[in-house]
Amino acid sequence: MQSLLGFTSEACWLRHVRAHYRHLFPFVPQQSGYNKRLRAALPAIKRLIRVLASDTHVWHDNVWITDSTPVECGRSRPTVQRSELAGWAS
């Protein structure tokens, strides 16, 4: 829920929960307790993701598409000129 609502900080998320959802939860842990519970729940969350993913037709597809942020290398002129590939690319 934290990620879906765009909270990147546990502290901000817990403040939001205390301010808006306190009536739904009898106990809202402090940040350290929240982190302990989150770490303890990780194996169950991973299993749930795997079960949901394996239930789709994409799971059995032999083509996997990945997305990543491009990593720059050799942006500065001295670095490019030092490269063994200098002059090969236009």
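A brief report on the enclosed structure follows. (Residues numbered from 1 in each chain as written. Predicted model: local features only at pLDDT ≥ 70, side-chain atom pairs only at ≥ 80, totals over all residues. Heavy atoms only, no water.)

**Quick notes on the overall build of the protein chain**
On a plain count of helices and strands, the protein chain comes out with 3 helices and 0 strands. In the protein chain, the succession of α and β elements from N to C terminus is α-α-α. Counting the 90 residues in the protein chain, one finds 10% classified as buried. Here the contacts in the protein chain between residues at least 6 apart in sequence split such that 12% fall between residues at least 24 apart. Summing over all exposed atoms, the protein chain offers an accessible surface of approximately 8,600 Å²; the carbon and sulfur share of this is 60%. (Helix = DSSP H or I, 4+ residues; strand = E, 2+ residues; numbered from the N terminus. Buried < 20%, exposed > 50% of the residue type's maximum accessible area, 1.4 Å probe, protein only. Contact = heavy atoms within 4.5 Å. Areas by Shrake-Rupley, 256 points an atom, 1.4 Å probe, with all protein chains shown as cover.)

**Observations concerning the side chain of Gln2**
In this fold, Gln2 is placed in the segment before helix H1 (10-20). Relative accessible area serves as the criterion here: at 12%, Gln2 is assigned to the buried category. A polar contact of 2.7 Å, which involves the side chain of Gln2, links it to the side chain of Tyr34. Residues contacting Gln2, with those up to four places away along its chain left out, are Phe7, Thr8, Ser9, Glu10, Trp13 and Tyr34. (Polar contact = N/O pair within 3.5 Å; in protein donor to acceptor, adjacent residues only side chain to side chain.)

**Section: the environment of Gln30**
By secondary structure assignment, the location of Gln30 is in the loop between H1 and helix H2 (31-54). Taking the relative accessible area as the measure of exposure, Gln30 reaches 56% and is therefore exposed. C-alpha of Gln30 to C-alpha of Leu14: the two residues are 16 residues apart in sequence and 7.7 Å apart in space. Contacts of Gln30, omitting those with residues within four sequence positions, involve Leu14 and Arg18.

**Focus: H1**
Of all the residues in H1, the buried ones are Trp13, Leu14, His16 and Val17. All buried residues of H1 project into a common sector of 160 degrees when viewed along the axis, lining one side. Structural note: H1 exposes Arg15 and Ala19 on the side pointing more than 90 degrees away from its buried face. On its buried face, H1 sits against H2. (Arc of directions from axis to C-beta.)

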